[in-house]
2 protein chains.
Amino acid sequence: MKELGWTDDGPEIQSAFGALGGDVAFAVHNGVFMPTITGLGTDAQIAKWVPLAQDYQIIGTYAQTELGHGTYLRGLETTATFDTSSQEFVLNTPKASSIKWWPGDLGRSANHAVVLAQLYTLGKCHGMHAFIVQIRSLVDHSVLPGVKIGDIGPKMAFEQIDNGYLIMQNVHIPRENMLCRYSEVTPDGSYIKQGSDRINYISMVCTRARILSKELVPALSKACVIAIRYSVVRRQSELKPGEMEAKILDYQTQQQKLLPQLATTFAFHFMASTLEAFCNQVNVQIKTKGDISSLPELHALSAGLKALLSEICSAGVEVCRRACGGHGYSMLSGLPSLYTRVVASCTYEGENTVMQLQTARFLMKCLTRVDCGQPLPQSVSYLSDPISLHCSAKEKTDYLKPFIYTEAYKHRAQRLITNAGIELQSLLQSGVEQYDAWNSTSVQQARAAIAHCQYIVVKNFVETLEGLKHEPEIQRVLKMLCDLYALTGILVDAGDFLHDGYMTGRQLDLMTACQLDLLALLRKDAVSIVDAFDYPDQQLTSAIGNYDGHAYERLFEWAQKAPTNAKVNLAYEKYLKTRFQSAQSKL
Amino acid sequence: MKELGWTDDGPEIQSAFGALGGDVAFAVHNGVFMPTITGLGTDAQIAKWVPLAQDYQIIGTYAQTELGHGTYLRGLETTATFDTSSQEFVLNTPKASSIKWWPGDLGRSANHAVVLAQLYTLGKCHGMHAFIVQIRSLVDHSVLPGVKIGDIGPKMAFEQIDNGYLIMQNVHIPRENMLCRYSEVTPDGSYIKQGSDRINYISMVCTRARILSKELVPALSKACVIAIRYSVVRRQSELKPGEMEAKILDYQTQQQKLLPQLATTFAFHFMASTLEAFCNQVNVQIKTKGDISSLPELHALSAGLKALLSEICSAGVEVCRRACGGHGYSMLSGLPSLYTRVVASCTYEGENTVMQLQTARFLMKCLTRVDCGQPLPQSVSYLSDPISLHCSAKEKTDYLKPFIYTEAYKHRAQRLITNAGIELQSLLQSGVEQYDAWNSTSVQQARAAIAHCQYIVVKNFVETLEGLKHEPEIQRVLKMLCDLYALTGILVDAGDFLHDGYMTGRQLDLMTACQLDLLALLRKDAVSIVDAFDYPDQQLTSAIGNYDGHAYERLFEWAQKAPTNAKVNLAYEKYLKTRFQSAQSKL
């Protein structure tokens with residue numbers, strides 16, 4: 001980048017990033033190691049380390065997760081004990097489950113690590129803190145004494161990343177290497193907390209929010225481009241007797257698989273933008289006024305949306321992949337690796353079920369505020385709205401009215417959240433302990449959190465549409481996608497809407513008819529819409545999804561380049577040759 | 001095998017097969033090439049080719065699928081034209097979309113292929129026939145003139161199989177190489193059909209049925225073993241304040257993920273056995289009496305069950321994988337490859353949507369028989385039963401009565417199949433063309449087929465239970481699994497049961513409570529149940545799922561063996577060394 005004069009966030013690097021599908025070197029160094037120092041370090045620490053890191057004179061990793069501990073940070077076992085006599089911290093990995101596991105760039109590249117460890121000083125534990133630890137020699141890259149490092153081995157994807165493990169046995173680092181913007185250990189071993197590090201929490205929340213636009217939406221949109229383009233190249237079976245085999249996108253079942261994914265791409269794209277704007281707004285509030293009052297809402301929203309969108313995008317990419325039949329199973333289609341990559345997002349940056357339950361905890365707190373008549377944050381203010389009892393739709397076209405379906409999503413969220421609250425309260429009132437009551441209702445809590453997020457996404461799509469009044473042609477197409485997204489979601493979870501009689505079976509039948517009409521309508525625009533994503537072929541890296549539609553020719557061309565075709569067949573010489581030759585005379 | 005004196009289907013090979021997870025050489029040679037010759041060849045052809053193949057003096061593949069054609073066989077484009085003058089068939093690949101694609105063992109190993117091609121003789125096309133074509137030299141394994149072969153490149157799994165492509169340009173084979181048990185081309189070029197090859201159809205149907213027991217159930221059961229064992233090793237967060245971190249299987253959300261998968265394993269195991277017994281029975285009917293009357297029912301059942309079970313097993317394995325958090329993403333857990341392999345079954349041996357629609361066509365034919373008062377095959381006889389209107393359950397424990405939930409599944413299937421039929425008929429009666437009416441109702445048809453299969457699975461589980469009256473302890477545990485399987489299925493598709501008022505929301509609430517109770521009960525037996533599958537560690541090949549529970553130690557041990565740990569870091573020498581060394585003075 002530097003040699004080419006590219007800026008850090010310029011169009012060149014964006015395009016290269018797109019082409020590489022995120023497979024870039026030193027993502028953790030750039031994306032976590034440096035930001036952590038900037039966030040948790042003092043000005044002096046930042047001045048010392050960041051320029052070296054920026055210039056790749058050091059490569060850093062971020063060592064948090066351990067073999068036995070992931071999302072639950074307080075459980076981490078690595079220790080950093082302050083030794084007053086030497087004025088050093090001594091880092092240790094007490095047992096197998098404490099081995100640092102997964103840090104990217106660690107296995108083969110990094111020479112430094114920000115290590116998260118339990119801080120001990122004067123015999124007392126002060127919880128998790130971050131320390132800069134040199135792990136490899138700057139002279140010859142050898143692993144330093146007391147340190148053991150290696151690659152953790154193959155994963156479902158991310159083959160290019162050297163996720164590693166790290167064991168430390170009495171590794172000494174200077175006192176200055178504890179990142180101490182918010183807390184410090186003085187030379188005599190006293191522990192001083194200065195200010196709240198909650199403020200730093202915003203960066204983790206925003207990292208989570210950025211997954212939506214950087215990983216989830218690109219994965220699903222690329223899968224849609226590939227699968228929809230292939231579905232107008234691929235022909236199968238006679239649809240109409242005597243005619244040419246039909247394009248598979250003309251089959252209702254194929255439309256039902258793919259077009260809702262396309263609609264979802266847009267719903268999530270707009271949701272990602274809105275969430276990022278909210279992040280920026282809260283960031284400004286914090287930086288300009290030190291106001292962290294919106295942080296809980298932002299946290300709940302980003303946790304729940306990350307969980308919902310990663311789940312649905314993973315499922316959607318897989319639907320697109322399977323909809324391409326055998327060729328979707330070939331790596332050359334580009335689809336298998338889109339799936340194996342995007343599905344990691346269900347686990348990283350906070351496992352999805354844990355995320356849903358964090359959102360649920362926030363929702364339960366909001367319910368308490370409703371009961372006390374206190375005001376609610378904007379995204380949950382609907383919890384104090386009166387709950388409507390019946391869907392007012394009477395005919396098929398009523399389902400094309402956004403207020404009809406938005407209201408349905410709202411009703412479902414209100415009902416599930418309220419019921420989860422009632423269930424929890426009733427257990428507590430019957431004498432069940434808090435932790436037990438929470439656990440016994442957690443399946444229900446998670447569902448309530450999902451319903452909340454689903455409402456937010458639909459509402460956001462509708463609001464985005466309203467802002468496009470001056471672009472009627474774009475609005476027309478997006479309106480169909482919005483309708484399709486919302487109706488498909490209701491039909492998939494039909495039970496939620498029938499449960500209390502909010503909708504009737506008859507209403508759902510009309511909605512089904514309306515949804516099938518939308519499929520037929522959108523069929524016509526589908527290819528234009530995916531073309532409008534404007535992915536260059538190089539970014540799709542798919543033999544079956546290119547703009548020119550030459551799927552078969554390119555599959556054949558690419559297959560010939562497979563490394564297996566250049567290898568000598570050793571098994572032939574070793575095992576098969578003499579057998580085969582003996583058949584010669586018999587044929 | 002021969003050297004060790006193993007028999008073809010003995011315990012040794014079964015165990016080796018289990019350990020290799022099906023990753024054995026020449027699966028297509030043994031599983032398709034030879035059986036096809038046996039099925040479609042004359043006695044003379046069998047006598048000539050099969051002994052050579054059995055002795056691996058020739059290796060054969062089965063070349064059916066083309067770049068542009070898979071499940072729709074009639075669309076295949078490869079031609080075999082009879083040349084009267086030379087008494088040979090001339091095989092050709094007319095265009096890119098006709099290139100044979102996917103045959104296993106073809107890319108590097110096979111020297112013969114059974115090629116499926118459109119037969120032309122005396123200027124007339126007689127449809128698909130099978131031909132034995134030599135493709136590589138028996139002397140030096142070189143590709144024969146007119147033939148082009150290669151590997152099709154990387155796939156989502158099955159890395160060890162050389163799936164290949166095959167192009168033929170005027171490849172001549174002797175007249176005797178057409179497999180001609182059922183049809184023949186005489187020396188003067190006349191085409192003679194002798195008997196029906198429908199009889200041969202049974203082998204394809206049975207191959208499909210065997211996927212259930214050979215691929216689907218093993219994949220899901222292994223995933224359950226790994227995930228459930230790991231879930232009692234892994235601890236996370238304080239469940240009860242002040243206590244040790246809880247085993248993750250003690251969380252309701254984790255139970256809700258894993259225990260229904262365990263129940264599904266049993267449901268599908270019993271279903272697979274029943275289907276295989278049905279296959280055998282039809283096979284005997286055909287072989288002893290030439291009676292093919294049960295073939296349509298068997299076909300519909302195997303197609304629909306293959307589609308349903310492959311879909312649910314794939315999803316279930318993925319649920320197990322994600323339930324193991326980050327370690328489930330590591331290949332060392334064994335889970336990613338269980339998924340990438342099993343999910344192929346949604347596509348191979350008939351793409352799932354096509355399979356569902358074939359079942360649906362059978363169901364529609366059965367509806368017509370009902371209308372005419374004709375008798376129905378056993379598995380669909382319920383279609384002529386009166387349809388019950390309301391679920392009779394009144395309290396929570398009513399849902400532990402198998403007739404309650406079996407009746408609910410039956411009702412749902414009756415309703416969806418009947419409605420699909422009504423919809424189709426009403427379109428036809430309003431003048432819509434058959435093909436168009438079918439396509440416009442196909443989403444509904446597919447749903448009806450799925451509901452049919454779901455009823456069959458539940459009914460089969462209940463019937464299996466009834467046969468275990470003399471083993472009350474086993475019956476007790478299996479009863480819980482059966483209840484859990486059935487109730488979870490209803491709750492997942494709640495909308496189907498609420499739609500016409502068969503169940504009420506209140507009833508579903510009671511059922512939910514009942515299902516959660518079952519989770520807590522089964523939690524206690526879960527580990528014993530998966531231990532009872534009796535998979536040796538060598539067959540699980542999972543660092544986190546071994547019997548001894550030493551997940552972290554083994555992950556660490558296995559990771560160190562990763563090939564990446566033995567490689568020299570070339571990037572360090574080339575790009576990083578001088579940069580790092582320049583940092584030395586600054587730190």
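Our structure's up above, just so we're on the same page.
Residues numbered from 1 in each chain as written. Chains lettered and ligands numbered in written order. Predicted model: local features only at pLDDT ≥ 70, side-chain atom pairs only at ≥ 80, totals over all residues. Heavy atoms only, no water.

K.L.:
Would you take a moment to explain the overall build of chain A for this structure?
P.N.:
The secondary structure content of chain A amounts to 18 helices and 11 strands. The C-alpha atoms of chain A give a radius of gyration of 28 Å, which matches the 25 Å a tight globule of 587 residues would have. Across its three principal axes, chain A shows a C-alpha extent of roughly 90 × 90 × 50 Å. Counting the 587 residues in chain A, one finds 56% classified as buried. As displayed, chain A has an accessible area near 23,900 Å², and 56% of this comes from carbon and sulfur atoms. Here chain A carries 54 positive and 58 negative side-chain charges, and the mean point of each set is 4 Å from the other. (Helix = DSSP H or I, 4+ residues; strand = E, 2+ residues; numbered from the N terminus. Rg over C-alpha atoms; globule rule 2.2 N^0.38 Å. Buried < 20%, exposed > 50% of the residue type's maximum accessible area, 1.4 Å probe, protein only. Areas by Shrake-Rupley, 256 points an atom, 1.4 Å probe, with all protein chains shown as cover. Lys, Arg positive; Asp, Glu negative; His and termini not counted. Charge placed at Lys NZ, Arg CZ, Asp CG, Glu CD.)

K.L.:
I tried to follow the packing of helix α5 (residues 252–289) of chain A against helix α15 (residues 505–532) of chain A on my own but got confused; where do I start?
P.N.:
If you want to describe how two helices pack, look at the angle between their axes and the distance between the axes. Residues and elements named next belong to chain A. Where α5 meets α15, the closest approach of the two axes is 9 Å, and the angle between their N-to-C directions is 65°. One way to sum up the angle between α5 and α15 is to call them roughly perpendicular. Crossing handedness for the pair α5 and α15: left-handed. The segment α5 lies against α15, with Gln252, Gln255, Gln256, Leu259, Pro260, Leu262 and Phe266 engaging Gln515, Leu516, Leu519, Ala520, Leu522, Arg523, Ala526, Ile529 and Val530. (Axes fitted to C-alpha atoms, helices over the stretch in contact; angles between N-to-C directions. Parallel < 35°, antiparallel > 145°, perpendicular 65-115°, else oblique. Left-handed = near helix turned anticlockwise from the far one by under 90°. Contact = heavy atoms within 4.5 Å.)

K.L.:
How should the pairing of strand β2 (residues 79–83) of chain B be read in this particular structure?
P.N.:
Within a regular strand, the side chains alternate between the two sheet faces. Residues and elements named next belong to chain B. Where β2 lies against strand β3 (residues 88–92), five bridges are found, and the strand directions are antiparallel. The residue bridging Thr81 from the neighbouring strand is Val90, located in β3. Relative to strand β5 (residues 112–121), β2 runs parallel, the two sharing three bridges. In the strand pairing of β5, Thr79 is matched with Gln118. (Pairing = 2+ DSSP bridges.)

K.L.:
Is there a simple way to explain the sheet that holds strand β4 (residues 100–101) of chain B in this structure?
P.N.:
To summarise the sheet geometry, strands pair through backbone hydrogen bonds and adopt either a parallel or an antiparallel arrangement. What the three strands build is an open sheet, ordered β4-β8-β7 (chain B); its pairing is antiparallel. Looking at the sheet topology across the chains shown, the edges are occupied by β4 and β7 (147–151) of chain B. As defined by bridge partners, β4(B) adjoins strand β8 (residues 164–168) of chain B across two bridges and the pair is classed as antiparallel. Residue pairing across strands places Lys100(B) opposite Leu166(B), the latter belonging to β8(B). Against the sheet, helix α17 (residues 551–560) of chain A touches β4, β7 and β8 of chain B, its axis set at about 115° to β8(B).

K.L.:
What should I look at first to understand the packing of aromatic side chains in this one?
P.N.:
In this description, a pair of aromatic rings is defined by centroid distance and the angle of the planes. Within this structure, the stated rule accounts for 31 aromatic pairs over all chains. Note on Phe82(A) and Phe89(A): the rings are 5.1 Å apart at their centroids and 55° apart in plane angle, and the pair reads as tilted. For the residue pair Phe82(A) and Phe89(A), the accessibility class agrees, reading buried in each case. Here the aromatic rings of Phe266(B) and Phe533(B) are separated by 5.4 Å at their centres, their planes lie at 35°, and the arrangement is tilted. Of this pair, Phe266(B) sits in helix α5 (residues 252–289) while Phe533(B) sits in the loop between α15 (505–532) and α16 (537–540), placing them 267 residues apart in sequence. Arg361(A) extends its terminal NZ or CZ atom over the ring of Trp438(A), reaching a point 4.1 Å from the ring centre. (Phe/Tyr/Trp six-rings, centres within 6.5 Å; stacked < 30°, edge-to-face > 60°. Lys NZ or Arg CZ within 6 Å of the ring centre and 35° of its normal.)

K.L.:
Would you explain helix α9 (residues 352–371) of chain A in this entry?
P.N.:
In an α-helix, one full turn covers 3.6 residues, which means residues spaced three or four apart are oriented alike. For α9(A), with 20 residues, the first-to-last C-alpha span of 29 Å sits near the 28 Å given by 1.5 Å per residue. Along α9(A), the positions that sit buried rather than exposed are Asn352(A), Thr353(A), Met355(A), Gln356(A), Leu357(A), Thr359(A), Ala360(A), Phe362(A), Leu363(A), Met364(A), Cys366(A) and Leu367(A). Looking at the packing, one finds that the buried side of α9(A) touches α4 (201–233), α6 (295–322), α10 (402–429), α11 (434–440) and α12 (442–466) of chain A together with α5 of chain B. One side-chain oxygen of the residue at the start of α9(A) lies 3.0 Å from the amide nitrogen of Thr353(A), identifying that residue as Glu351(A). Residue Gly373(A) follows α9(A) closely and has a positive phi angle near 75°. (Expected span 1.5 Å × (residues − 1). Polar contact = N/O pair within 3.5 Å; in protein donor to acceptor, adjacent residues only side chain to side chain.)

K.L.:
I'm lost on the interface of chain B and chain A in this one. Help?
P.N.:
How big an interface is tends to be reported as the loss of accessible area on association of its parts. Contact residues are listed per partner, giving 116 residues for chain B and 116 residues for chain A. Counting the surface lost from both chain B and chain A, the interface buries some 9,600 Å², and carbon and sulfur atoms represent 60% of this. A per-residue breakdown of the area chain B buries against chain A is headed by Arg322(B), Tyr329(B) and Phe580(B), which together make up 8% of the total. Seen at the junction of chain B and chain A, the total is six salt bridges. Glu351(A) is the salt-bridge partner of Lys257(B), the closest N and O atoms lying 3.4 Å from each other. (Buried area = accessible area lost by both parts, 1.4 Å probe. Salt bridge = Lys/Arg side-chain N within 4 Å of Asp/Glu carboxyl O.)

K.L.:
Any chance you could explain the sheet that holds strand β7 (residues 147–151) of chain A here in plain terms?
P.N.:
Across the sheet, three strands lie side by side as β4-β8-β7 (chain A); this open sheet has antiparallel pairing. The open sheet has two edge strands, β4 (100–101) and β7 of chain A, and neither has a second partner. Pairing geometry for β7(A) and strand β8 (residues 164–168) of chain A, over five bridges, is antiparallel. Residue pairing across strands places Ile149(A) opposite Leu166(A), the latter belonging to β8(A). Packing against the sheet, helix α17 (residues 551–560) of chain B makes contact with β4, β7 and β8 of chain A, and its axis sits at approximately 115° to β8(A).

K.L.:
Explain the pattern of salt bridges here, please?
P.N.:
Side-chain pairs of opposite charge can arise whenever the charged atoms involved come near each other. Under the counting rule described, the total for this entry stands at 54 salt bridges over all chains. Residue Glu243(A) is joined to Lys240(A) by a salt bridge in which the shortest nitrogen-to-oxygen separation is 3.8 Å. Judged by relative accessible area, Lys240(A) falls into the partly exposed class, the value being 34%. When salt bridges with common partners are traced through the structure, they connect Glu311(A), Glu318(B), Arg321(B) and Arg322(B) into a single cluster.

K.L.:
In this structure, what is going on with the relation of the copies chain B and chain A? I would like to understand it.
P.N.:
The operation relating the two chain copies consists of a rotation about an axis and a shift along that axis. Here chain B sits on chain A after a turn of 180° about the axis and a move of 0.0 Å along it, with an RMSD of 0.0 Å. The transformation relating the two chain copies, once decomposed into turn and shift, fits a two-fold axis. Among all residues of chain B, the one whose C-alpha sits closest to the rotation axis is Gly495(B), at a distance of 1.7 Å. The overlap is high: 100% of the interface residues of chain B also sit at the interface in chain A, so the same surface is used on both sides. (Least-squares fit on C-alpha atoms with pLDDT ≥ 70 in both.)

K.L.:
I keep staring at the environment of Arg523(A) and nothing clicks. Help me out?
P.N.:
All names here are of chain A. Of note, Arg523 is situated in helix α15. For Arg523, a relative accessible area of 15% gives the class buried. Residues Arg523 and Ser221, spaced 302 residues apart in sequence, show a C-alpha to C-alpha distance of 16 Å.

K.L.:
Is there a simple way to explain the nonpolar core in this structure?
P.N.:
Core analysis: the biggest nonpolar cluster contains 275 residues, and Trp101(A), Leu481(A), Trp101(B) and Leu481(B) have the highest contact counts within it. Discounting residues that sit within four places of it in the chain, Trp101(B) has contacts with His327(A), Leu555(A), Phe556(A), Ala559(A), Thr65(B), Glu66(B), Leu67(B), Ile152(B), Gly164(B) and Tyr165(B). Counting 46 residues, the second largest nonpolar core, distinct from the first, contains Leu106(B), Val115(B), Leu166(B) and Leu179(B). (Core = buried A, V, L, I, M, F, W, Y, C linked by side-chain atoms within 4.5 Å.)

K.L.:
What exactly am I supposed to notice about the side chain of Thr265(A) here?
P.N.:
Topologically, Thr265(A) is positioned in helix α5. Under the relative-accessibility criterion, Thr265(A) is labelled buried at 2%.

K.L.:
Teacher, can you tell me more about α12(A) here?
P.N.:
Compared with an ideal rise of 1.5 Å per residue, which puts 25 residues at 36 Å, α12(A) spans 36 Å between its outermost C-alpha atoms and is within 8% of the ideal. With 18 of 25 residues buried, α12(A) lies mostly within the body of the structure.

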